[in-house]
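# Examining the three-dimensional arrangement
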Amino acid sequence: MEKFVIEGGKKLSGSVEISGAKNAILPIMAVTLLAKGKSALRNVPKLNDIKMMSHLLRIIGARVDYEDKSLAIDTSYCSFYEAPYEIVSKMRASINVLGPLLARFGKAKVSLPGGCAIGTRPVDLHLKAMEKFGAKINIKNGYIYAEAKELKGAKIYFEKVSVGATENAISVAVSAKGETEIFNAAVEPEITSMIDFLVKMGAQIEGKGTSHLKIKGVQELHSAEMEMIPDRIEAGTFLLAAAITKSEITVKNCVSEHLQSLIEKMEKAGSRFRIENKNIKIFPAERIKPVDIFTEPYPGFPTDLQAQFLALMTLADGESKITDEIFPDRFMHVAELLRLDANITMNKNVASVKGVKQLSGAEVMATDLRASAALVLAGLAAKGKTVISRIYHIDRGYEKIEEKLKQLGADIKRVQG
Ligand code: EPZ
């Protein structure tokens, strides 16, 4: 198993290019199933989750080729309407094919995701939405069996904001018979980019960027091509890497509007920023101020940056409270940060972080994608050597993170464990 070995305490400098957004690409890969033909997604990073989704599409019968950061997806000959357990259990985003399979074949057999390190991953909101369109849903032997003779437009109100359930509902509505209204839809930038792609496929969607969507079902959708948006979570992770190592760097090719909640919290913690077009330059604080955060749906503070921000707070001058309202169990990084001499106590979904003068390197274990990123950040700041095992977690969502960090001056290497 591969590990990262980090010699901490090095300053970073220079600039880093942000890659295409994993959480925008995965749902768009799923909706290519809605039409027969060849779609192309550009600015696609080499990530394990994208390889996994490509594998799932091939099982369904699509042809998927990856070359020069572009994904070519030919869905002309899809015939298999199943998403098997061995894939869904490794990548929850596989649930995103439920809507497209139902829309294309009138039926779908998708494994229940099961839980993961950040908590149980219920899909009740997805299933309720499918039933609203007229689908019959059965759960048997760990699989969702969905069937619909005809999918009709519906009024769907999500009692809880869900990115994935919103994506599945949109993917059925675009070709359902009649009009669909979705209330309390998620408004993450990744949803907006999926809507952009669907409109290029011929979909009729009003209310993009708002929580109230009006969608007119159309007979024919066709393949499309589009440049993927930059990954706001990768960008936020690098800004926090600069803040925790007290380094001045420029993060290039990112959309600052997507990072407003993080920027606001980091300014409270003492960082300063210069934003020019798609570049953000960070001027770090010498002394990090403690700042409380709680996670919310967009545009609130993203749960996908909670672990990384908590790592920064371990070196603040005082105590901060980190609350995850979205994934209350998303604190596997805390036990590992304690091994680096952080001072954190947990109470339900609230971490109380008392800043310490210094973190000290140690052997730690990655447990999930964003927790791994938090451990890298802490290792960059810690005195001495940090060894992080199970780094396959980080390769799911960060393209060559150690190469990008090395380029910025970090002393990090990937070794066979
Ligand atoms: C998406 O997951 C992202 N994944 C997650 O990023 C991200 O953390 C999450 O949205 C929240 O922003 C992708 O886009 C591939 P949700 P998703 O449905 O869609 C509850 C990463 O690190 N819920 O918005 O699964 C759920 O338990 C990943 O890149 C239900 O109760 O998240 C959670 O509390 C991790 N019932 C809340 O809603 C449902 O049917 C938000 O989850 C669905 C969700």
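### What to know about the packing of helix α5 (residues 124-132) against helix α6 (residues 163-173)
Closest axis-to-axis distance for the α5/α6 pair is 8 Å, and the angle between their directions is 20°. By the criterion of interaxial angle, the relationship of α5 to α6 is roughly parallel. Where α5 crosses over α6, the handedness of that crossing is right-handed. Mapping the contact onto sequence places Leu-125, His-126, Ala-129 and Met-130 in α5 and Gly-164, Ala-165, Asn-168, Ala-169 and Val-172 in α6. A per-class count over the contact of α5 with α6 returns six nonpolar, three polar and no charged.

### As for empty space enclosed by the protein
Sizing a probe to match a water molecule and rolling it over the atoms shows the empty space that remains. A complete count under the given rule lists two cavities of 30 Å³ or more for this structure. In this structure, the largest cavity occupies an estimated 40 Å³ of space. Along its surface, the largest cavity is lined by Ala-21, Lys-22, Asn-23, Glu-190, Asp-231, Arg-232, Ile-233 and Asp-304. Contributing elements (two or more residues each) for the lining of the largest cavity: α1 (22-31) and α8 (232-244).

### Some thoughts on the site of the ligand
In the vicinity of the ligand there are 22 residues, among which Asp-124, Ser-162, Val-163, Asp-304 and Ile-326 approach most closely. Within the side chain of Arg-121, a nitrogen or oxygen atom sits 3.0 Å from an oxygen atom of the ligand. Taking Ser-162, its side chain carries an N or O atom lying 2.7 Å from an oxygen atom of the ligand. Relative to its unbound accessible surface of 830 Å², the ligand loses 85% to contact with the protein. Each of domain 1 (2-17 + 230-416) and domain 2 (25-224) accounts for three or more of the residues forming the shell around the ligand.

### Focus on the domain arrangement of the chain
In terms of domains, the chain is made up of domain 1 (2-17 + 230-416) and domain 2 (25-224). The gap between the C-alpha centroids of domain 1 and domain 2 is 31 Å. On the side of domain 2, 18 residues touch domain 1, which itself brings 16 residues to the contact. A per-residue breakdown of the area domain 1 buries against domain 2 is headed by Tyr-298, Arg-396 and Glu-399, which together make up 40% of the total. For the pair domain 1 and domain 2, the number of links is three salt bridges. Across the salt bridge formed by Glu-399 and Lys-69, the nearest N and O atoms sit 3.3 Å from each other. Across the domain 1-domain 2 interface, the total number found is seven residue pairs in polar contact (both at pLDDT 80 or more). Class assignment for the residues of the side of domain 1 that touches domain 2 results in six nonpolar, three polar and seven charged.

### Things to note about the packing of aromatic side chains
Enumeration according to the criterion identifies two aromatic pairs in this entry. For the pair Phe-301 and Phe-309, a centre-to-centre distance of 5.5 Å together with 75° between the ring planes defines the contact as edge-to-face. Positioned above the aromatic ring of Tyr-143 is the side chain of Lys-109, whose terminal nitrogen or guanidinium carbon lies 4.7 Å from the ring centre. A cation over a ring is seen here: Lys-140 above Tyr-145, with NZ or CZ 4.5 Å from the ring centre.

### Let's talk about the sheet that holds strand β5 (residues 70-74)
One key point about sheets: their strands pair by backbone hydrogen bonds, in either a parallel or an antiparallel sense. Ordered in space as β4-β5-β3-β14, the four strands form an open sheet in which the pairing is mixed. Among the strands making up the open sheet, the edge pair consists of β4 (63-67) and β14 (225-227). Sheet twist, expressed as the mean angle between neighbouring strand axes with direction ignored, is 10°. As paired elements, strand β3 (residues 38-42) and β5 share five bridges and run antiparallel to each other. Bridge pairing in β5 links Ser-39 to Ile-73. Contacting β3, β5 and β14, α1 runs over the sheet at an angle of about 175° to β3.

### Points about the environment of Gln-219
Secondary-structure assignment places Gln-219 in the loop between β13 (212-216) and β14. By relative accessible area, Gln-219 is classed as exposed at 77%. Sequence spacing of Gln-219 and Pro-290 is 71 residues, and the spatial spacing of their C-alpha atoms is 54 Å.

### Observations concerning the side chain of Ser-19
By the element assignment, Ser-19 lies in the loop between β2 (15-17) and α1. The exposure class of Ser-19 is buried, given its relative accessible area of 8%. Those residues in contact with Ser-19, other than ones at most four positions away along the chain, are Asn-43, Pro-45, Ile-229, Pro-230, Asp-231, Glu-234, Glu-399 and Lys-404.

### Some thoughts on the pairing of strand β1 (residues 2-7)
Relative to strand β24 (residues 411-416), β1 is paired through six bridges, and the arrangement is antiparallel. Among the inter-strand pairings, Ile-6 is bridged to a residue of β24, identified as Ile-412. In terms of strand pairing, β1 meets strand β23 (residues 385-389) through four bridges, oriented antiparallel. When the bridges of β23 are listed, Phe-4 appears paired with Ile-388.

Here is what the cut-offs are and how they apply
- Residue numbers run consecutively from 1 along every chain, following the written order of its sequence.
- Selection of residues for local features in this predicted model requires a pLDDT of at least 70, selection of side-chain atom pairs for listing and counting requires 80 or more, and totals for whole chains, interfaces and linings are taken over all residues.
- Hydrogens and water molecules were not included; the side-chain quantities draw on all heavy atoms of the structure.
- In this description, a line fitted to the C-alpha atoms serves as the axis of each element, helices being fitted only across the stretch in contact, and the angle between N-to-C directions of two axes falls anywhere from 0 to 180 degrees.
- Labels follow the DSSP assignment, with helices taken as runs of H or I lasting at least four residues and strands as runs of E lasting at least two, numbered in each case from the N terminus.
- Orientation categories follow fixed angle ranges, with anything under 35 degrees roughly parallel, anything over 145 roughly antiparallel, 65 to 115 roughly perpendicular, and all other angles oblique.
- When the near helix sits turned anticlockwise from the far one by under a right angle, the crossing is termed left-handed; a clockwise turn instead gives a right-handed crossing.
- Whether two residues touch is decided by their heavy atoms; if any such pair falls within 4.5 Å, the residues are in contact.
- Note on residue categories: nonpolar means Ala, Val, Leu, Ile, Met, Phe, Trp, Tyr, Cys or Pro, charged means Asp, Glu, Lys or Arg, and polar means any other residue, Gly included.
- Cavities and pockets were defined on a 1 Å grid built over protein atoms only: a cavity is a set of grid points that admits a 1.4 Å probe from which the probe cannot escape, a pocket is an open set flanked by protein on both sides within 12 Å along at least five of seven lines, and lining residues are those with an atom within 4 Å of any such point.
- Grid points are joined across faces, edges and corners, and a volume is the space filled by probe spheres set on the points.
- Only heavy atoms are used to decide nearness, and a residue is near a molecule or strand if one of them lies within 4 Å of it.
- Any N or O atom pair separated by 3.5 Å or less is treated as a polar contact, with the protein-specific requirement of one donor-capable and one acceptor-capable atom, and with residues adjacent in sequence counted only for side-chain atom pairs.
- In this description, accessible areas are obtained by the Shrake-Rupley approach with a 1.4 Å probe, and a residue is regarded as covered only by the protein chains that are shown.
- Where each domain begins and ends follows an automated or database-derived domain assignment.
- Defined here as a combined quantity, buried area equals the accessible surface (1.4 Å probe) lost by two parts on assembly, summed across both.
- Salt bridges are identified by distance alone: a Lys or Arg side-chain nitrogen within 4 Å of an Asp or Glu carboxyl oxygen.
- To pair, rings of Phe, Tyr and Trp, with the six-membered ring standing in for Trp, must have centres within 6.5 Å; the planes then decide the type, stacked if under 30 degrees apart, edge-to-face if over 60, and tilted in the middle.
- Counting as a charge over the ring demands two things of the Lys NZ or Arg CZ atom: a distance within 6 Å of the ring centre and an angle within 35 degrees of the ring normal.
- A pair of strands is labelled paired if DSSP reports no fewer than 2 bridges between them.
- Accessible area is worked out with a 1.4 Å probe on protein chains only. A residue is then buried under 20% of its type maximum, exposed over 50%, and partly exposed in between.

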